[in-house]
Protein chains: 2
Amino acid sequence: MTTAASPRRIGAESSRTRAQLLDAAELLLLEEGYAAVTSRRVAAKAGLKPQLVHYYFRTMDDLFLAVFRRGAEHNLERQARALASPKPLWALWDFNCDPRGTALTMEFTALANRRPTIRDEIANYAERFRHQQAEALVGVFRQYGIDTGELPPTAVLILMSSIPRILLIENALGMTTGHAETVALVERYLTRFEGDRPSEPSAV
Amino acid sequence: MTTAASPRRIGAESSRTRAQLLDAAELLLLEEGYAAVTSRRVAAKAGLKPQLVHYYFRTMDDLFLAVFRRGAEHNLERQARALASPKPLWALWDFNCDPRGTALTMEFTALANRRPTIRDEIANYAERFRHQQAEALVGVFRQYGIDTGELPPTAVLILMSSIPRILLIENALGMTTGHAETVALVERYLTRFEGDRPSEPSAV
DNA sequence: GTCTATACTTCGATAGAC
DNA sequence: GTCTATCGAAGTATAGAC
């Protein structure tokens with residue numbers, strides 16, 4: 001399921017080396033951003049030769065997509081579990097506040113806007129992701145008796161995903177003004193609907 | 001005021017060519033992201049020779065900083081005007097919703113996290129920017145009689161800047177679910193405090 | 001499956017002529 | 001102020017030996 005048909009050999013998906021390259025690429029993506037994910041640097045981080053990247057992935061876009069897919073499936077499952085938990089709003093909030101996931105999401109989004117090949121798949125996934133959330137939240141809101149005209153579930157979703165992102169970005173720059181207040185504000189709402197934060201912070 | 005002392009010649013700040021290079025760099029930054037801003041591509045976009053970039057800016061970091069500074073000063077003034085307008089919350093919201101400014105901010109933020117040389121200046125500016133907002137908003141909230149324990153002005157600032165960003169990002173991916181609802185939600189609040197949106201949308 | 005070797009491109013940056 | 005010329009480093013990607 002790579003980008004294009006090719007006469008070239010491609011390494012098996014089950015390969016241990018391939019997994020190492022994926023790990024290295026993901027780490028680089030997190031630590032230094034998509035621009036730092038080059039075949040040479042990925043290989044160096046994995047302690048391998050640069051040509052192996054092209055043996056296993058042919059193009060850099062294929063590598064990016066492979067990293068993305070590996071995380072995406074896992075993510076949808078985690079989110080489904082969060083939405084099915086006893087306190088879904090809290091679970092969703094904690095899920096969105098995971099810095100690693102948030103950073104990866106932002107990096108892939110930036111990448112999608114620069115690489116046409118990757119764009120479609122990421123946009124498609126993002127829609128599925130959002131849809132999964134929306135569907136669950138409609139039920140939750142009905143159950144809680146929330147007036148969805150006043151507070152539409154889709155708007156809540158956007159708030160719950162945009163806030164952690166900007167907090168993470170600002171934190172990286174050393175900014176913290178208003179962060180505690182914002183988190184407190186959100187969590188006051190969560191508490192109003194679902195009581196205190198679950199003791200086990202949704203170990204997803 | 002460049003990064004380092006150097007024996008090399010540097011072109012005058014008043015140069016017309018220099019301004020063209022700045023324009024080209026800013027445009028590239030907006031259209032294709034920071035990774036696309038290379039000396040060769042900037043020069044090509046301006047219809048000039050690549051070496052001129054290094055004549056006027058010595059390093060690429062100097063170029064980035066020059067683009068940033070040119071916009072930053074202008075931005076602080078615009079925001080000051082917005083905050084001094086008769087309906088400051090509406091003005092601030094409209095200001096934050098400007099897609100060009102938002103996109104540039106995001107690009108520079110990403111850049112700051114990858115380039116140590118640039119980082120400090122951007123972080124410093126962001127703090128000043130936020131501080132200017134916070135100071136003004138405290139007065140506004142007092143005037144409107146808003147309970148700042150319930151709704152802290154700094155939290156409102158984070159909401160008002162994070163929401164337009166995620167809407168812009170999602171839009172770029174073709175996602176629109178919940179956008180209208182979120183904007184409507186915010187604007188209901190703005191209307192509650194300041195009445196209808198000012199007819200002249202804060203021509204800043 | 002991994003290696004050497006290599007082709008070609010683009011990058012940042014500088015020296016020096018005009 | 002702008003040009004030609006040029007460096008060395010890093011980028012993607014491929015061919016073919018082992």
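Here the structure is a predicted model, which means the values were calculated and not measured.

**Student:** Please clarify how helix 9 (residues 179-194) of chain A should be interpreted in this entry.
**Tutor:** Three or four residues apart is the spacing at which side chains of an α-helix point the same way, because the helix has 3.6 residues per turn. Between its terminal C-alpha atoms helix 9 of chain A stretches 22 Å, which fits the 22 Å expected from 16 residues at 1.5 Å a residue. Where helix 9 of chain A is concerned, the buried positions are His179(A), Thr182(A), Leu185(A), Val186(A), Glu187(A), Leu190(A) and Glu194(A). In this fold, the buried residues of helix 9 of chain A make contact with helix 5 (88-96), helix 7 (116-144) and helix 8 (153-172) of chain A together with helix 8 (153-172) of chain B. Following helix 9 of chain A by one or two positions, Gly195(A) adopts a phi angle in the positive range, close to 75 degrees.

**Student:** Can you walk me through the protein's contact with DNA strand D in this structure?
**Tutor:** Neighbouring residues of DNA strand D: 19 residues in total, closest Arg8(A), Ser39(A), Arg40(A), Arg9(B) and Tyr56(B). Put simply, 50% of the atoms of DNA strand D that lie within 4 Å of the protein are in sugar or phosphate. Within the side chain of Arg8(A), a nitrogen or oxygen atom sits 2.2 Å from a phosphate oxygen of DNA strand D. Within the backbone of Met60(A), a nitrogen or oxygen atom sits 3.0 Å from a phosphate oxygen of DNA strand D. Elements represented by at least two residues in the surface near DNA strand D include exactly helix 2 (39-46) and helix 3 (50-57) of chain A together with helix 3 (50-57) of chain B. If one sorts the elements of the surface near DNA strand D by residue count, helix 3 of chain B sits on top with four residues. Residue classes in the surface near DNA strand D are distributed as five nonpolar, seven polar and seven charged.

**Student:** Where do I start with the relation of the copies chain B and chain A in this structure?
**Tutor:** Each of the two copies of the chain can be brought onto the other by a rotation about an axis and a shift along it. Relative to chain A, chain B is turned by 180 degrees and slid 0.0 Å along the rotation axis, the superposed coordinates differing by an RMSD of 0.0 Å. Accordingly, the operation relating the two chain copies is best matched by a two-fold axis. When C-alpha positions in chain B are compared against the rotation axis, the closest is assigned to Ser162(B), at 2.9 Å. A symmetric contact is evident, with 100% of the interface residues of chain B recurring at the interface of chain A.

**Student:** Please explain the protein's contact with DNA strand C as it appears in this structure.
**Tutor:** Looking at DNA strand C, there are 20 residues lining it, with Arg9(A), Tyr56(A), Arg8(B), Ser39(B) and Arg40(B) nearest. Within 4 Å of the protein, the contacting atoms of DNA strand C are drawn from sugar and phosphate to the extent of 50%. Here a base oxygen of DNA strand C and a side-chain polar atom of Arg9(A) are 2.8 Å apart. Within the contact set of DNA strand C, a base nitrogen lies 3.0 Å away from a side-chain nitrogen or oxygen of Arg40(B). Residue assignment for the surface near DNA strand C shows that the elements contributing at least two residues are helix 3 of chain A together with helix 2 (39-46) and helix 3 of chain B. Among the elements that line the surface near DNA strand C, the one with the most residues is helix 3 of chain A, at four residues.

Conventions and cut-offs
Residues numbered from 1 in each chain as written. Chains lettered and ligands numbered in written order. Predicted model: local features only at pLDDT ≥ 70, side-chain atom pairs only at ≥ 80, totals over all residues. Heavy atoms only, no water. Helix = DSSP H or I, 4+ residues; strand = E, 2+ residues; numbered from the N terminus. Expected span 1.5 Å × (residues − 1). Buried < 20%, exposed > 50% of the residue type's maximum accessible area, 1.4 Å probe, protein only. Contact = heavy atoms within 4.5 Å. Near = heavy atom within 4 Å. Polar contact = N/O pair within 3.5 Å; in protein donor to acceptor, adjacent residues only side chain to side chain. Nonpolar A, V, L, I, M, F, W, Y, C, P; charged D, E, K, R; others polar. Least-squares fit on C-alpha atoms with pLDDT ≥ 70 in both.

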